[in-house]
Amino acid sequence: MRTTVGIIGAGPAGLLLARLLRNAGIDSVVLESRDRDYVERRQRAGILEQGTVDVLREAGAGERMDREGLRHDGIELRFDKKRHRVDFPALTGGRSVMVYAQTEVCKDLIALQLKEGGPLLFETEALAVEGADTDRPRVRFRREGVEDVLECEYVVGCDGFWGVARKAVPAGLARTFERTYPFGWLGILADVAPSHDELVYARHDRGFALLSMRSPSVSRLYLQVPAGTDAEQWGDEEIWAELERRFETADDWRLERGPITQKSVTPMRSYVHEPMRHGRLYLAGDAAHIVPPTGAKGLNLAVGDVVTFARALVHRRETGSEDLLDAYSATCLRRVWQAERFSYDMTTLLHRAPDATPFEDRLATARLERIASSRAAETDLAEAYTGFPLG
């Protein structure tokens, strides 16, 4: 099998890249180890930055998002029983975010790829990337028990942290930067309308809490818990009681309860792999970087990566110049490190470390008070939350 761009992984990054290339007249093949049902049910991110929303629309993948997604023009910060709303459009020149689950993005892009795009091969396990430093890289894969080879001009690894793409970068050329946090998120899905029309980020002496949503009738909520927590250790009544404590305000706001349909614990870590390119192998998304979910950056960073690659490849076709392809890693990493910085700042601001001192607690409160009282500090948060420039 032969193609121009071999894409490993049919998450939102790989699927969007295939769509962008198809629209540019460049052929690709997508290899995905899981079946279609698994990919369309894989719960991940739910906040799309303004730039991601714009890219999906331009790619012809925004119709259902615009119909069913929830535009949000701000978030609410809570601390010391106080509430402060951050108004995104007023602070960023009109930018906002969209609540639209990654599962739905994948469904839309899969439907488009199967209808209009090149091969999208589910249940196809990529085994290795070979010859990345040549002009004919190959992806060795297994499908229906039979090994085969996909010959490419370029390979883009969108196969996550545990995938084979990153392993094809020689250890002597790679540098990694990481931080593991001593807490995670206990997340629930509940069949109840959200108790607020925008996301609520709460810092409390007992730990962080987040009120989010998946739709007008389904709430997504999170509690900070110690790293390694088993979600089943928490009973439904215990979860709701703890959420109520952490979201408590001085006014008459109240948290609405409903049946919990799903529980899981998400570990928290920061990770960056440099470089994001080796020869004709390009890493994108979680294959190259991971952020804690506090800043809502993971999916959006992956979109920035594949947009950067697609633009660079089109530039090469139109001009013959490989300058943008050569600059891929440096271009992406500028955005990645800003997102890492923002995600780290939000995480340390809103979570209480197990060994936090009273001094550190007061500093966090002072930082939140600064955001609530300074338009400059508030603008910095709003600009980062709604998204750094793509590419």
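Residues numbered from 1 in each chain as written. Predicted model: local features only at pLDDT ≥ 70, side-chain atom pairs only at ≥ 80, totals over all residues. Heavy atoms only, no water.

An unreviewed UniProt entry lists the protein chain under the name 4-hydroxybenzoate 3-monooxygenase, with Streptomyces fumanus as the source organism.

J.: Any chance you could explain the pairing of strand β2 (residues 28-31) here in plain terms?
T.: A regular strand places its side chains so that they alternate between the two faces of the sheet. Alternating residues of β2 divide into S28 and V30 and V29 and L31, and every residue in both groups is buried. Bridge count for strand β1 (residues 5-8) against β2 is four bridges, and the pairing is parallel. Each residue of the ladder has a partner; that of G6, found in β2, is V29. Running through helix α1 (residues 12-23), the crossover from β1 to the neighbouring parallel element β2 is right-handed. Here two bridges tie β2 to strand β8 (residues 120-121), and the two strands are oriented parallel to one another. Bridge assignment links V30 to a residue of β8, and that residue is L120. (Buried < 20%, exposed > 50% of the residue type's maximum accessible area, 1.4 Å probe, protein only. Helix = DSSP H or I, 4+ residues; strand = E, 2+ residues; numbered from the N terminus. Pairing = 2+ DSSP bridges. Right-handed = clockwise from strand over helix to strand, strands pointing away.)

J.: Which parts of the structure should I look at to understand the pairing of strand β12 (residues 154-157)?
T.: In β12, alternate side chains face the same way, and those of Y154 and V156 on one face and V155 and G157 on the other are all buried. Pairing of β1 with β12 involves four bridges; the strand directions are parallel. Counterpart to V5 in the pairing with β12 is Y154. One ladder, built from three bridges, connects β12 with strand β19 (residues 281-283); its direction is parallel.

J.: Just checking my understanding: could you explain the packing of α1 against helix α6 (residues 102-116) for this structure?
T.: Two packed helices can be described by the angle between their axes and the distance between those axes. One way to put it is that α1 packs onto α6 with a least axis distance of 9 Å and a crossing angle of 40°. Classified by chirality, the crossing of α6 by α1 is left-handed. Along its contact with α1, which presents P12, L15, L16, A18, R19 and R22, the element α6 presents Q102, V105, C106, L109, I110, L112, Q113 and E116. (Axes fitted to C-alpha atoms, helices over the stretch in contact; angles between N-to-C directions. Left-handed = near helix turned anticlockwise from the far one by under 90°. Contact = heavy atoms within 4.5 Å.)

J.: How do you make sense of the side chain of E104 when you look at a structure like this?
T.: With respect to the helices, strands and loops of the structure, E104 is situated in helix α6. Using a relative accessible area of 18% as the deciding quantity, one classes E104 as buried. Within the structure, E104 has its side chain in polar contact with the side chain of K107 (distance 3.3 Å). (Polar contact = N/O pair within 3.5 Å; in protein donor to acceptor, adjacent residues only side chain to side chain.)

J.: Would you mind going over the domain arrangement of the protein chain with me for this structure?
T.: Where the parts come together, the accessible area they lose is often given as the size of the interface. Entries for the protein chain in the domain assignment read domain 1 (5-72 + 97-178 + 269-348) and domain 2 (181-268 + 352-386). Contacts between the two partners involve 28 residues from domain 1 and, on the opposite side, 22 residues from domain 2. Broken down residue by residue, the surface that domain 1 buries against domain 2 is led by Q43, H72 and P293, which jointly contribute 23%. Our count for the contact surface shared by domain 1 and domain 2 stands at zero salt bridges. Remark: the boundary between domain 1 and domain 2 carries six residue pairs in polar contact (both at pLDDT 80 or more). Listing elements by their share of the side of domain 1 that touches domain 2, those giving two or more residues are α3 (50-58), β4 (70-72), β7 (97-99), β17 (260-274) and α10 (328-350). Looking at which element gives the most residues to the side of domain 1 that touches domain 2, the answer is α10, with seven residues. Each residue belonging to the side of domain 1 that touches domain 2 can be placed in one class, and the counts come to 12 nonpolar, 10 polar and six charged. (Domains from an automatic or database assignment. Buried area = accessible area lost by both parts, 1.4 Å probe. Salt bridge = Lys/Arg side-chain N within 4 Å of Asp/Glu carboxyl O. Nonpolar A, V, L, I, M, F, W, Y, C, P; charged D, E, K, R; others polar.)

J.: Mind showing me how you'd approach the UniProt feature "domain: FAD-binding" (unreviewed entry) in the protein chain here?
T.: In this numbering, the UniProt entry assigns the feature "domain: FAD-binding" (unreviewed entry) to residues 2-343. End C-alpha to end C-alpha, residues 2-343 measures 39 Å, and it is 31% helix and 32% strand. (UniProt positions renumbered as here; feature names shortened; annotations may be inferred.)

J.: Where do I start with the packing of aromatic side chains in this structure?
T.: Given two aromatic rings, one states the distance between the centres and the angle between the planes to describe the pair. In total, this model carries 16 aromatic pairs according to the counting rule given. Measuring from centroid to centroid gives 5.3 Å for W185 and F208, while their planes differ by 25°, and the two rings are stacked. With a gap of 23 residues between them, W185 in strand β13 (residues 175-190) and F208 in the loop between β14 (199-202) and β15 (209-215) connect regions that are remote in the sequence. What makes W185 buried here is its relative accessible area of 2%. The structure contains a cluster of three or more aromatic residues connected by ring pairs, namely F88, W185, Y201, F208, Y222, F342 and Y385. Positioned above the aromatic ring of W253, the side-chain terminus of R78 is 3.9 Å from the ring centre. One Lys or Arg, K297, reaches over the ring of Y385 and ends 5.8 Å from the middle of that ring. (Phe/Tyr/Trp six-rings, centres within 6.5 Å; stacked < 30°, edge-to-face > 60°. Lys NZ or Arg CZ within 6 Å of the ring centre and 35° of its normal.)

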